[in-house]
Amino acid sequence: MSMKRFISLLLALFVAVSLFTFPSFADEDSDVKYGLTVSENGRLMLNDKEFYGLGECVFGSFVNFLENPIEQVFVEDFKILKQYNIPFARIPFSGYAANYYDTFDTDPDMVLTFLDMVVKEAEKQNIGIIASLMWWDPALSAHVGEQRSAMGDVNSKTTAYAKEYVATIVQRYKDSPAIWGWEIGNEYNLTADLCDKNFENYLWPNGIPSMPIKGDGYDYYTSAELRVFYEEIAKEIRKYDDYRIISNGNGEMRGAAKAMHEASEAMDTDTHTWTIRWTEQTREEFYEMNEYYAPDPIDAMCFHFQHGTNGGDPEAYLLEHKVFREGTISLTDYLKAYVEAARLQNKVAYFGEFGDFIDMEDAPDCAEKFQYVVDCIAEADIQLASAWHFQQATDKGIHGEKLKIMSASNLKFQEKGLQDISAYWSSVKAEPTPTKAPSLTDESYAFADTIEVNKTAKTIKIDPMTVQELFDSLTLADGFTASISDRSGADVSGEKALESGFYITITAPEGTVYSSFRFIVNEPTPTPLPENTLNLSDEVRIAIFIIAVVGVSIGVIITSIMLNKRSRERRDGLR
């Protein structure tokens, strides 16, 4: 999507619903520490009780809502999670590429209002959020016009912008019970300590305009530079939130992480280049590098990995690991190594992305293998894990099977008193009752009798009419407003004839969007035939037409033969 269209969609929605201010998330009088915390001995806690839980990564809840304001995708996301006893979601609180930050700088209030709606809905449906603050690291440096290594400079524009963005987000939502933890970014460690002196590799995705490549060593960053960035951002979070967990968001700890770190430490300082070393690390070095990437006040050592080949030939499950110069070890033993690395520092191991089988998702035994992974997580005593699911939550196909398995696991935690969600949400100080929302069930607003509403599919079927005629058919509660927009998000009004694919949005007095519907225009009803008129089917009409054509053709042939015969008789008579 182009930046121009992206901004126009955002502006269109807020022209439709007008400017408004959400209720404050702050609760100045409350002493409750909302969200997840880490005890002094490294145990994960919720509401002063040990917590175990499986959540889900839902990338698109905020990002896709920004791109398509009409469809409030996060509402359905949270409904599905709640239905399957999933207590929390890991969600990016930023876009992917640099253009997101362009939009944020242009109109931060508008973007934050979208994020407000996501957080308030999570509160409403009692879903916790692990907020990943700045998803993709190159987007930050590209946005401010610097190279990626600038994250290692505490005085760089990259670091300054990141701290400013984090301060804005954390201060705004730190008092929301829906925020369970903070994450700095997604898998930054997987691009640290990579270098190519020919500048041809490791700059993925090379050529994206929002990520300019200058073609020198400063396009790469080291683990030491990343550690500086992690520490600076974590301290910025702690300025405003002194207790919630902070995850570094790391991917899997690479097998050669220690050697790669040592190679970048010995770089050519004139060119900021080095030669990568790929020596496999020992178990002790693995512990060391996990500690290195989680400087205080980070207290959640994160890791991700997949359980299937990526375009493998042959395709296969990856449920064993060759690490630590020890040969092949089981998934459970590998997970236990992460738990041990965290416990050595009195921190929590967070399995931030699990259950992604890549090209094995369609295999008939995929659900069985997912159950195996969940069992390994329990055996390794991992308290916090979130299954990877890109874009929107869904319970279709294999994703539904995964949700059922996680649901069963979470219910077991609840039975053992290790996931007391009810007690947590009941401890949340109630806010003043908001203005009653309109709904189709309580008739706070209603459509004309001729309009058919499908509440599940969020569609309205209407007869051909104009925008004004549709407005005239609405009955709205006091203070509620309605707006109609076309496919591009632009408002429409007056005598314009409605077409399928248009949208109607119902907005409450305080500006909250409660309902939005896509409407489908019925085909015009054909004019009825007069009474006593034979109503023939299409098949009969076609048959009559064919008979008529054949009959006319035969008549023409016979007439032609008779005329020819008479002509011959006349010629014979003249002789």
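Residues numbered from 1 in each chain as written. Predicted model: local features only at pLDDT ≥ 70, side-chain atom pairs only at ≥ 80, totals over all residues. Heavy atoms only, no water.

Q: Pulling in residues and values, what's your account of the pairing of strand β12 (residues 348-354)?
A: Within β12, 7 of the 7 residues are buried, which leaves it mostly tucked inside the rest of the structure. Alignment of strand β9 (residues 300-304) against β12, held across 5 bridges, turns out to be parallel. By the bridge assignment for β12, H304 is matched with E353. Examined bridge by bridge, β12 and strand β13 (residues 384-389) share 3 bridges and lie parallel to one another. Across the sheet, F351 pairs through a bridge with A385, a residue of β13. In this region the chain leaves β12, passes through helix α12 (residues 366-379) and returns to the parallel neighbour β13; the handedness of that crossover is right-handed. (Buried < 20%, exposed > 50% of the residue type's maximum accessible area, 1.4 Å probe, protein only. Helix = DSSP H or I, 4+ residues; strand = E, 2+ residues; numbered from the N terminus. Pairing = 2+ DSSP bridges. Right-handed = clockwise from strand over helix to strand, strands pointing away.)

Q: Residue-level account of the packing of aromatic side chains, with values.
A: Applying the stated criterion to the full structure yields 39 aromatic pairs. Ring geometry for F65 versus F114: centroids 4.8 Å apart, planes at 55°, classification tilted. Residue F65 is found in helix α2 (residues 60-67), and its partner F114 is found in helix α5 (residues 108-125); the two are separated by 49 residues along the sequence. Joined through ring pairs, the aromatic side chains of F286, Y287, F303, F305, F324, Y334, Y338, F351, F354 and F370 make up one cluster. In this structure, R227 is placed above the aromatic ring of Y292, and the distance from its NZ or CZ to the ring centre is 4.9 Å. (Phe/Tyr/Trp six-rings, centres within 6.5 Å; stacked < 30°, edge-to-face > 60°. Lys NZ or Arg CZ within 6 Å of the ring centre and 35° of its normal.)

Q: With reference to specific residues and values, describe the packing of helix α4 (residues 98-106) against α5.
A: Close contact between α4 and α5 brings their axes to 5 Å; oriented N to C, the two are set at 110°. The angle between the axes of α4 and α5 places the two elements in the roughly perpendicular class. Packed against α4, whose contacting residues are Y100, T103, F104, D105 and T106, the element α5 presents P108, V111 and L112 at the interface. For the contact of α4 with α5, a count of residues per class yields 5 nonpolar, 2 polar and 1 charged. (Axes fitted to C-alpha atoms, helices over the stretch in contact; angles between N-to-C directions. Parallel < 35°, antiparallel > 145°, perpendicular 65-115°, else oblique. Contact = heavy atoms within 4.5 Å. Nonpolar A, V, L, I, M, F, W, Y, C, P; charged D, E, K, R; others polar.)

Q: Residues and numbers for the nonpolar core, please.
A: Counting 130 residues, the largest nonpolar core has F93, M134, W180, I184, L335 and F354 as the members making the most contacts within it. Leave out the neighbours within four places in its chain, and L335 touches F303, F305, F351, C376, I377, A380 and I382. (Core = buried A, V, L, I, M, F, W, Y, C linked by side-chain atoms within 4.5 Å.)

Q: For the pairing of strand β6 (residues 128-132), give the residues involved together with the corresponding values.
A: Counted residue by residue, β6 has 5 buried out of 5 residues, so it is predominantly covered. Side chains G128, I130 and S132 project from β6 onto one buried face, and the interleaved I129 and A131 project onto a second face that is buried too. Strand direction decides the pairing type here: strand β5 (residues 88-92) and β6, joined by 5 bridges, are parallel. By the bridge assignment, F88 is partnered in β6 with G128.

Q: Any chance you could break down the confidence of the model for the protein for me, citing the residues and the numbers?
A: The pLDDT averaged across the protein works out to 84; a share of 77% of its residues lies at or above 70. Note that residues 1-24 has pLDDT below 50 and, in this model, 45 contacts with residues that lie over four places away or in other chains. (pLDDT = per-residue confidence, 0-100.)

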